[in-house]
Amino acid sequence: MSQDYTKMWEKLGLNLEAHDALLSVLGKAYQDIYLAQKNRPQGMGYFDFVMSEVHGLRIKELLDEQAAGRKIIGAYCVFVPEEIALAAEATLVGLCSGADFAADEVEKLLPRNTCALIKSSFGFKLGKVCPYLECADMIVGENTCDGKKKSYETLNTLVKNLYVMDLPQKKSDEGKALLKSEYYRFKEAVEKLTGAAVTAESLRKSIETVNSKRKAIHRLARLRSASPAPISGLDALLANQVYFYDNPARFTDSVNKICDELEKRVENKVGVFPENTPRILLSGCPMAVPNWKLPWIIETSGAVIVGEESCVGERGTRNLTDDSGTTVDEMMEAIVERYFKVDCAIFTPNPDRLSHIAEMFETYKADGVIHYGLQFCQPYLMEAIPVEKALEAKNIPTLRIDTDYSMEDAGQLKTRVEAFVELLK
Amino acid sequence: MRCAGIDIGSRSIELVVLENGKIVESRQSDSGFDPMKNATALINGAAYDAIMATGYGRHLFEIAFNSPTVTEIKAYAEGARFLFPDVRTVLDIGGQDSKAIALNADGKIKKFEMNDRCAAGTGKFLEIMARSLGYELDDFGPEAMKAEKDILISSMCTVFAESEVTSLVAKGSDRREIALGLHSSVVRRAAGMLKRVSVNAPVIFAGGVAKNPCMCHLLEKALESPIHVPKNPQMVGALGAALLAAR
C-alpha cells in the first residue's frame, strides 16, 4: 500500500492486528494466484492497484465522500439497486464475504452448518476487519435464502444501521408488486438517510452511470467468446468483483480500456492460454473477493474459464435498466423490471437460469460446465442436481462441485477438475 | 519403446513398465512418510524411455522428474480398458479415496464421482476397523465372510464408526458379524456412488480394496451384477499411466 492508513483504520475501529494479518494473507494469495499468471493484459495493472488499495485508498475515498456530505451504503446482494442509491446521493459498495475469518466467534452466533458466505460476513464484522462495513452509514440485508434472512436477525444485534429489504420468491405479479413496494421503501429510506430527494434528473443520470458499467462488463464478456481466450477467467472474475467496490465511472473507463486491449489481442489471435485449451463455463454461487479458490484450481489444471453464470458475473450484470422513462415513477418501474429478471436460485421455479446457462455455454463456446455450490447453500445445491441432469441431456459435460472457503479439499478438487478437463480434451 | 507409469498413492506406490503392449516389469512399495524418496527408489534401475505419473503424489513427481501427469480417474479407466477391452464401469477403492467411473461404449469417460474429503468408505477405513477388531488386514474380509448375519453399522465416519465398534465389542457382539457390518457399510457407499454415474456391465473393481473377497462378494450382491477383479488390482492405475505415456 502506498501510504500508511493505520490512523484511518484505527478511527474506523478495526482490530489492527487482525486486519494486518488479513491483509498479509490477502497479499500473499494475490501474489500466488493473480500475479503468478502469465500473459495478463496490461490493463489488469489497474485492478492490481485497486486490490493493493482495496482497504486503503478506496476507503479513504469513501471517507472523503462522507466528509463532503455523501452517504455510504454497504450491501450483500445484487438485488440492492445501485441506481436508487446513486440517485439519492449515496455510494453503494459490496461488503466483504469471501474469506473465512474469526470462525470461532462466528460459530457462537451461527450454526456450524451455515454457508461460508454468511459465516464470512459475520466473521468480518466480529473480527472487526472490514473497513467497508465499519464506514457504512447504512447496511442493507436482503431476504434471499433462509440462511441470510435469519442471520440478519442476529446481525441486527451487532450493527446499529441494518436495513432489511424483503424480496419475492416467485416470478408472479404479486412477486413483482412486492419488489416494487420494497424498492419504493428503499428509495424513501435512502432519501431519509441522505436528505436528498430522488429526482427524475438524478435517477436518469444514475441509470446511465450503472448501465455504462454494465455495458463495459458486457463488452468484456463478449470478448471472452474468442479463441484463444484473450483474458483469464481469474482476471475477468476480478473485474466482476471490483464492480462492487470501485467508483462506477472510473471502473467503467478501466474495463473499457482493457477491452480496447483485448480487441487487439483477439484480432491478432493472442490469448492467455493456447488455442486448444478446454473452455469452462462456471455456474452457481457468487464468488466474493478473495474467493478465488475454484477458478484458480481450474486455470492451473489446463483449462480456461470463459464465463461466470453467477451474481458476481453475468447473473448480476445481465440486463440494462430501460432509460426511456421521463418521470421518477416510470424509471422506478424500469428498475423493478430490470431487477425482477435476475434469476437467483431463491426463486421457485427458476427455469430462466437453466436457459441462461445453456445460452452462455453456446455464446462463450464452452466445452463444459462446472457447477459451483457452496456447502449448505440450499437454493443452489438443490438446483445443481436438475441443472446437471438437464445439461447432460443436452450432451453438455458437467461437473458438480460442493465446497467452501477452506483449502482442505484443494487436492481432491484438483484431481476432480483435472479429470474433468481430461474428459473434455 | 519402453513406457512406464507410476502411481503414487497415499498408501503405496506402483510402477509398471510396458514394452510392445506387454507388461515387462511391475514393482510396488509403501508410500511411507517421504513418498518422493520412495518413488525415486522404486524407479531406480528400471529402464524406460518415457514415464507418466498419476496418483495424489503426481504433481510432486512432475516437479522432481519433469514428467507429464494424468489423474487417477483417467489412468484407472485406461488401465481397466487394457485388461477388459469392453469395460463400461470402473470402481477403484484405494487407500484414501474411492472413485466410480462410467465409460461410453467407445471407452471414453462419460462421468465420474469421487468420495468426499474424508476417508469414509476407503481402504483406510477398513484398515482402521480391522485393527480395532484385532484382525490382520488380509484376514479381515475372509473372517467377515464367515459371519451368518451382519450387524448394522450406522456411522460412515472413521472416528465415529470406531467408537461404535468399541461399544459393540463391549456389549459382547460377535466380532465377525461386526466385521461383516463394516464391509456392508463400505459397499453401500460404493454402490451409491456407482449408481450415481450409472452401472453398466462389465464392472471392473480395482485398487487395493479389490483384494478383499468380502468386498467383492457384497458388491456383486449390491449391484446384482458380476464384477471382475484384475489379477493385480493395485497396479491398474500405474498400468493406465504407462499406456498413456506410450501415446
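Cut-offs applied
- Residues numbered from 1 in each chain as written.
- Chains lettered and ligands numbered in written order.
- Predicted model: local features only at pLDDT ≥ 70, side-chain atom pairs only at ≥ 80, totals over all residues.
- Helix = DSSP H or I, 4+ residues; strand = E, 2+ residues; numbered from the N terminus.
- Rg over C-alpha atoms; globule rule 2.2 N^0.38 Å.
- Buried ≥ 20, exposed ≤ 12 C-beta atoms within 10 Å, placed from the backbone.
- Contact = placed C-beta atoms within 7 Å.
- Arc of directions from axis to C-beta.
- Domains from an automatic or database assignment.
- Nonpolar A, V, L, I, M, F, W, Y, C, P; charged D, E, K, R; others polar.
- Pairing = 2+ DSSP bridges.
- Axes fitted to C-alpha atoms, helices over the stretch in contact; angles between N-to-C directions.
- Parallel < 35°, antiparallel > 145°, perpendicular 65-115°, else oblique.
- Left-handed = near helix turned anticlockwise from the far one by under 90°.
- pLDDT = per-residue confidence, 0-100.
- Core = buried A, V, L, I, M, F, W, Y, C linked by C-beta atoms within 7 Å.

### Side note on the overall build of chain B
Next, step 1: Helix and strand content of chain B: 9 helices and 9 strands.
Next, step 2: Rg of the C-alpha trace for chain B: 18 Å, near the compact-globule value of 18 Å for 247 residues, within the 12% margin.
Next, step 3: Principal-axis analysis of the C-alpha atoms places the extent of chain B at approximately 60 × 40 × 30 Å.
Next, step 4: Within chain B, the proportion of its 247 residues that are buried is 48%.

### A short note on the overall build of chain A
Next, step 1: Broken down by element type, chain A carries 19 helices and 8 strands.
Next, step 2: With 425 residues in all, chain A has 49% of them scored as buried.
Next, step 3: Pairs at least 24 residues apart make up 75% of the contacts formed inside chain A by residues separated by at least 6 positions.

### Looking at helix H5 (residues 137–145) of chain B
An α-helical turn contains 3.6 residues, so any two residues separated by three or four positions project in the same direction.
Residue and element names in this part refer to chain B.
Next, step 1: What H5 keeps buried is the set Phe140, Gly141 and Ala144. Seen along its axis, H5 keeps its buried residues to an arc of 85°; they face one direction. Of the residues in H5, the exposed ones pointing more than 90 degrees away from the buried face are Asp138 and Asp139.
Next, step 2: Among the structural elements, helix H4 (123–132), helix H7 (175–197) and helix H8 (213–223) are those in contact with the buried residues of H5.

### Some thoughts on the domain arrangement of chain B
All names here are of chain B.
Next, step 1: Partitioning chain B into domains gives domain 1 (1–84 + 232–247) and domain 2 (88–229).
Next, step 2: Here the C-alpha centre of domain 2 lies 25 Å away from the C-alpha centre of domain 1.
Next, step 3: On the side of domain 2, 22 residues touch domain 1, which itself brings 15 residues to the contact.
Next, step 4: Sort the elements by how many residues they give to the side of domain 1 that touches domain 2 and helix H3 (residues 72–83) lands first, with 7 residues.
Next, step 5: Residue classes in the side of domain 1 that touches domain 2 are distributed as 7 nonpolar, 4 polar and 4 charged.

### Here we look at the interface of chain A and chain B
The parts lose accessible area when they come together, and the size of an interface is often stated as this lost area.
Next, step 1: Counting from both sides, the interface comprises 10 residues of chain A and, opposite them, 10 residues of chain B.
Next, step 2: Of the residues belonging to the side of chain A that touches chain B, the class tally is 2 nonpolar, 3 polar and 5 charged.

### Description of the sheet that holds strand S7 (residues 109–114) of chain B
Residues and elements named next belong to chain B.
Next, step 1: Spatial strand order, S7-S6-S5-S8-S9: 5 strands in an open sheet with mixed pairing. Two strands lie at the open edges of the sheet, namely S7 and strand S9 (227–228), each paired on one side alone.
Next, step 2: Summarising the sheet, strand S8 (residues 203–206) and S9 pair through 2 bridges and their orientation is parallel. Looking at S9, one finds that Ile204 is bridged to His228.
Next, step 3: Relative to strand S6 (residues 98–103), H3 is tilted by about 55°, and along the sheet it contacts strand S5 (89–93), S6, S7 and S8.

### Details of the sheet that holds strand S1 (residues 71–75) of chain A
Residue and element names in this part refer to chain A.
Next, step 1: Here 4 strands make up an open sheet; going across it, the order is S2-S1-S3-S4 and the pairing parallel. The open sheet has two free edges, formed respectively by strand S2 (90–94) and strand S4 (162–165), since each of these has just one partner strand. Strand-to-strand twist in this sheet, taken as the mean axis angle between neighbours without regard to direction, amounts to 30°.
Next, step 2: With 4 bridges joining them, strand S3 (residues 138–142) and S4 adopt parallel strand pairing. Bridge pairing links Glu142 to Met165 in S4.

### Looking at the packing of helix H10 (residues 173–194) of chain A against helix H16 (residues 328–340) of chain A
Residue and element names in this part refer to chain A.
Next, step 1: The geometry of H10 relative to H16 is characterised by a closest axis approach of 10 Å and an angle of 125° between their N-to-C directions. In terms of orientation, H10 and H16 fall into the oblique class. Considering the relative orientation of H10 and H16, their crossing is right-handed. Between H10, through Lys176, Leu179, Lys180, Tyr183 and Tyr184, and H16, the contact on the second element is made entirely by Met332, Ile335, Val336, Tyr339 and Phe340.
Next, step 2: Grouping the constituent residues of the contact of H10 with H16 by class yields 8 nonpolar, no polar and 2 charged.

### Re the pairing of S7 of chain B
Residue and element names in this part refer to chain B.
Next, step 1: Taken together, the 5 bridges between S6 and S7 define a ladder with antiparallel strand orientation. Residue pairing in the sheet places Ala102 in a bridge with Lys111 of S7.
Next, step 2: Taking the residues that link successive antiparallel strands as the turn, the S6-S7 hairpin has 5 residues, and the phi of Gly107 there is positive, at about 85°.

### Details of unusual backbone geometry
Next, step 1: Across the junction of Ser227 of chain A and Pro228 of chain A, the peptide omega takes the value 0°, indicating a cis bond.
Next, step 2: Within the secondary structure, Pro228 of chain A sits in the loop between helix H11 (200–223) and helix H12 (233–242).
Next, step 3: Phi is positive for Asn20 of chain B, close to 50°, though the residue is something other than glycine.
Next, step 4: Its place among the elements puts Asn20 of chain B in the loop between strand S2 (12–19) and strand S3 (22–30).
Next, step 5: On the basis of neighbour counts, which here come to 8 C-beta atoms within 10 Å, the residue Asn20 of chain B falls in the exposed class.
Next, step 6: Notably, Asn66 of chain B is not glycine yet its phi reads approximately 50°, a positive angle.

### Focus: the confidence of the model for chain B
Next, step 1: The predicted model of chain B averages 94 in pLDDT, with 100% of residues at 70 or higher.
Next, step 2: Here the predicted complex carries an ipTM of 0.89, next to a pTM of 0.93.

### Brief notes about the nonpolar core
Next, step 1: Among the nonpolar cores identified, the biggest contains 211 residues, and Ile280 of chain A together with Ala4, Ile6, Ile101, Ala241 and Ala242 of chain B are the most heavily contacted of them.
Next, step 2: Counting residues per element, this core draws most heavily on H7 of chain B, at 9 residues.
Next, step 3: Residue assignment places this core across two domains, with domain 1 (1–84 + 232–247) and domain 2 (88–229) of chain B each supplying three or more.
Next, step 4: Apart from the residues within four sequence positions on either side, Ile280 of chain A is in contact with Ile298, Ala303, Val304, Ile305, Val306, Ala366, Gly368 and Ile370 of chain A.

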